[in-house]
Amino acid sequence: MTRELLTGTLALALLAAWPHAQQPPQPPPAAPQQPSEIVTTISGDSSGAPPRLAVPDFIALSADAETAAVAKTIGEVLWDDLNYEREFAFIPRDVYATIPKATSFNDVPFDRWRELNADGLVVGTVQKIATGFHVEMRLYNVRTKQAVYPRQYDGGANARLYAHTISDEIHKSQRGLNGVARSKLTFDSDRDGERMSNTVQTRNIKEIYIADYDGENQKRVTVGRTLNITPRWSPDARSIAYTSYRRGGANIFISNIFVGTLEEVTKGDKVGENWLPAWSPDGSKVAFTSTRDGNPEIYVANRDGSGVRRLTNHPGIDISPTWSPSGTQIAFTSDRSGSPQIYVMDAGGLGLSKKTAESYCDKPTWSPAPFNEIAYASRNGPGYDIKVLDLATGHVRQLTFGEGTNESPAFAPNGRHIAFMSTRSGKSQVFTIASDGKNLKQITRTGNNEKPDWSK
Amino acid sequence: MTVRQAVIVCAVVCAGAAACGKKTPPVARPMPPPPPASSPSAPARPPAPPEPVNEPTIVPPEPVRDDAISSASLDDLNKNSPLKPVFFELDSSDLGAPGQKTLDENATLLKRYSTWTVTIEGHCDERGTAEYNLALGERRAIAARAYLVSLGIPADRLRTVSYGKEFPFDPGHDEAAYQKNRRAHFVITAK
């Protein structure tokens, strides 16, 4: 049981992880030949406080400016990524300048870092190679000067992706946590200011965009020249299902964004409208709302549109389905009691139970396991706030407090964060917030950006 | 018989006939036969004149009127639409008396221009959530269509679509804007 256990599999197109058997060419003298399991994680002091990490800029082993820029970016982004999950305390970056900079793994000033009470230290090197960059990273135990978690990567010039990968691997190996640094957001936006064709009104179209979890690398993924809204990542993060008006009425489409193909889930359904797709956890089915039988009801279909089955049957409005993590239940919004409230039924449509009794609740989003929570938007008078219902205890906690209106929550894949839309900064923008209400972060700034979803 | 003889005969006959007309009282003529039993109440009338041998006049079901509405392009029509929008209360898809009056007028136009097909768009203000508003907008469009169908407009001329709160008519954030944005809006798609 050694570091071999900690060598995860990198599922990355751009990064190729070297097998750990390929040791760094010059192992530090302090590193033991056979590290025990005890030293493979960084821990804080005996008081139980979180481990204190230092993440200085990576060391550029090549003299060119590009390598220097990549090394600096990796250090900065890695600090942000690790800070996002709040699993570690951090030695502030502004005191790093007082510590002599290492030029390799051989001259790391451990004693100086120890003076700053650092428990762990991330040291990395960046070297330019023919295909891009070779990046090495070692997480040191500052007390023992042992490299408890060394990794190597070869990849392209995407500095942020090295940092995101290192962050996710450190969180997994040191804290047993699935980090979200490589997860992605999707949302609809009118930022391009394009107008809907064949309409007499002045109407901005909306298209589907994706972004890194931290808002970087925002990219448009649809060219519908119409209203494309309510995007939802497939569980494998290869496809996005959404509501599109490209056929006139609203229908459910799936864009396979890395292949460039389009699927129509509700193709040929000329009667009624179809909105708000929600993938089953295994990606084989899509729940959605349709008026094909004359009234908004919840339906479920196979991904290819076959096997359509109606799950609700009530003259009220039933809308906004979301699956439980196991796929055995579906939460949705219904106004059958007189106002929109959150309900849960089993995935076959039976066993209905009402979960909220507020003035107006919508857009339930079920957390991933091990949490058993439903986040939703709750009317607060002029607008909405994001709330989280703990299904086991019935306890409700509030994450926003009337700063603009706050709608359309979506859980991060590890259940520790929520993306949502807020008007607190003016127009509609996507924000993320920790599920305890801390760590608010604005993701979008251009145009109106709404109805976010977080990749699984 | 000579010409002279013929003139004499004719004169005698004519004189005799004139003498009889003056002296003889009118004789009662026989009554016309009673009308057939199948129409006992029909008044007695002289026989109708024979049908004229003409082709019937062609009367088109939709007379071509050279008025401003029928000659306008679809775009121009919709920019200043003769079909007025129906407005709704917050969270409601009830038409109400003003909405019904608007739809009565729209129905009159739709009967007059019977080739028009129309899309009824449901719209909502920003006080509902984006998701629920998709359904609420559909409810508003469906309510307007159902009322028009009840007035005799064929359902297949009336399509519905909901845009929720995606396309506000007034981008403001006050009640005046909200009132304009809670509507069933009519777009003529073919004429």
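Residues numbered from 1 in each chain as written. Chains lettered and ligands numbered in written order. Predicted model: local features only at pLDDT ≥ 70, side-chain atom pairs only at ≥ 80, totals over all residues.

A. Up close: the overall build of chain A. Check the secondary structure of chain A and you find 3 helices and 31 strands. Considering chain A as a whole, with its 456 residues, one finds that 48% of them fall into the buried category. Of the contacts formed within chain A by residues at least 6 apart in sequence, a portion of 46% connects residues at least 24 apart. (Helix = DSSP H or I, 4+ residues; strand = E, 2+ residues; numbered from the N terminus. Buried ≥ 20, exposed ≤ 12 C-beta atoms within 10 Å, placed from the backbone. Contact = placed C-beta atoms within 7 Å.)

B. Structural detail: the interface of chain B and chain A. Counting from both sides, the interface comprises 17 residues of chain B and, opposite them, 27 residues of chain A. For the side of chain B that touches chain A, the element with the highest residue contribution is helix 5 (residues 130-150) of chain B, accounting for 7 residues. For the side of chain B that touches chain A, the class distribution of residues is 8 nonpolar, 3 polar and 6 charged. (Nonpolar A, V, L, I, M, F, W, Y, C, P; charged D, E, K, R; others polar.)

C. Spatial organisation of the sheet that holds strand 12 (residues 239-247) of chain A. Residues and elements named next belong to chain A. The strand order 11-12-13-14 describes an open sheet built from 4 strands, whose pairing is antiparallel. The open sheet has two edge strands, strand 11 (228-233) and strand 14 (261-264), and neither has a second partner. With direction set aside, neighbouring strand axes in the sheet form an average angle of 30 degrees. (Pairing = 2+ DSSP bridges. Axes fitted to C-alpha atoms, helices over the stretch in contact; angles between N-to-C directions.)

D. Region of interest: the sheet that holds strand 1 (residues 86-87) of chain B. Residues and elements named next belong to chain B. Overall, mixed pairing links the 4 strands, which are arranged 1-4-2-3 in an open sheet. The sheet is open, and its two borders are formed by strand 1 and strand 3 (158-162), each paired with just one other strand. Relative to strand 4 (residues 183-190), strand 2 (residues 117-123) runs antiparallel, the two sharing 7 bridges. Looking at the pairing, Thr117 lines up with Ala190 of strand 4. Seen against the sheet, helix 5 touches strand 1, strand 2, strand 3 and strand 4 and runs at an angle of roughly 165 degrees to strand 3.

E. Layout of the packing of helix 4 (residues 96-112) of chain B against helix 5 of chain B. Residue and element names in this part refer to chain B. Interaxial distance between helix 4 and helix 5 falls to 10 Å at its minimum, and their mutual angle equals 55 degrees. As summarised for this structure, helix 4 and helix 5 are arranged oblique, according to the angle between their axes. Here the hand of the crossing between helix 4 and helix 5 comes out right-handed. Contacts between helix 4 and helix 5 involve Gln100, Leu103, Asn106, Ala107 and Leu110 on the former and, on the latter, Ala144, Tyr147 and Leu148. Its residues assigned to classes, the contact of helix 4 with helix 5 shows 6 nonpolar, 2 polar and no charged. (Parallel < 35°, antiparallel > 145°, perpendicular 65-115°, else oblique. Left-handed = near helix turned anticlockwise from the far one by under 90°.)

F. Inspection of unusual backbone geometry at higher detail. All names here are of chain A. The omega torsion across Ala369 and Pro370 is 5 degrees, close enough to zero to call that bond cis. Mapping Pro370 onto the fold places it in the loop between strand 23 (361-366) and strand 24 (373-379). A positive phi is found at Thr230, a non-glycine position, where the angle reads about 50 degrees. As for its placement among the helices and strands, Thr230 is situated in strand 11. Given 30 C-beta atoms within a 10 Å radius, Thr230 is considered buried.

G. Local environment of helix 5 of chain B. Residues and elements named next belong to chain B. When the terminal C-alpha atoms of helix 5 are compared, their 31 Å separation across 21 residues agrees well with the 30 Å that a helix rising 1.5 Å per residue should span. Counting buried residues along helix 5, 18 of its 21 residues qualify, which places the element largely inside the surrounding structure. Immediately downstream of helix 5, the backbone of Gly152 shows phi near 105 degrees, a positive value. (Expected span 1.5 Å × (residues − 1).)

H. Looking closely at the packing of helix 1 (residues 65-85) of chain A against helix 3 (residues 159-175) of chain A. Residues and elements named next belong to chain A. Running from N to C, helix 1 and helix 3 point in directions that differ by 40 degrees, and their axes come no closer than 8 Å. With respect to helix 3, the axis of helix 1 lies oblique. Both helix 1 and helix 3 take part in a crossing whose hand is right-handed. Contacts between helix 1 and helix 3 involve Val70, Thr73, Ile74, Val77, Leu78, Asp81, Leu82 and Glu85 from the former and Ala159, Arg160, Tyr162, Ala163, His164, Ile166, Ser167, Ile170 and His171 from the latter. Of the residues in the contact of helix 1 with helix 3, the class split is 10 nonpolar, 4 polar and 3 charged.

I. Molecular detail of the confidence of the model for chain B. Residues and elements named next belong to chain B. Per-chain confidence: chain B averages 81 in pLDDT, with 71% of residues scoring 70 or above. Averaged pLDDT values for the elements of chain B fall to 48 in helix 1 (residues 3-23) and rise to 98 in strand 1. Predicted confidence for residues 10-23 stays below pLDDT 50, and this span has 0 contacts to residues more than four positions away or in other chains. Among the scores for the predicted complex, ipTM is 0.88 and pTM is 0.83. (pLDDT = per-residue confidence, 0-100.)

J. Here's a closer look at helix 3 of chain A. Residue and element names in this part refer to chain A. Between its terminal C-alpha atoms helix 3 stretches 24 Å, which fits the 24 Å expected from 17 residues at 1.5 Å a residue. Buried residues dominate helix 3, accounting for 15 of its 17 residues. Just downstream of helix 3 lies Gly176, where phi reads positive at about 65 degrees.

K. Summary view of the nonpolar core. Counting 75 residues, the largest nonpolar core has Leu185(A), Ala241(A), Val286(A), Ala287(A), Phe288(A), Ile330(A) and Ile418(A) as the members making the most contacts within it. Counting residues in hydrophobic clusters, the runner-up holds 40 residues, among them Phe58(A), Ala71(A), Val108(A) and Phe133(A). (Core = buried A, V, L, I, M, F, W, Y, C linked by C-beta atoms within 7 Å.)

L. Structural view of the pairing of strand 29 (residues 429-434) of chain A. Residues and elements named next belong to chain A. In terms of burial, strand 29 is a largely internal element, 5 of the 6 residues being buried. Sheet analysis places strand 28 (residues 417-422) next to strand 29, joined by 6 bridges and oriented antiparallel. When the bridges of strand 29 are listed, Ser422 appears paired with Gln429. Taking the residues between adjacent antiparallel strands as the criterion, strand 28 and strand 29 are bridged by 6 residues, where Gly426 takes a positive phi near 125 degrees. Here strand 29 runs beside strand 30 (residues 441-442); their pairing, made up of 2 bridges, is antiparallel. Each bridged residue has a counterpart across the sheet, and for Phe431 the counterpart in strand 30 is Gln442. As consecutive antiparallel partners, strand 29 and strand 30 are separated by 6 residues, and within that stretch Gly437 has a phi angle of approximately 90 degrees, a positive value.

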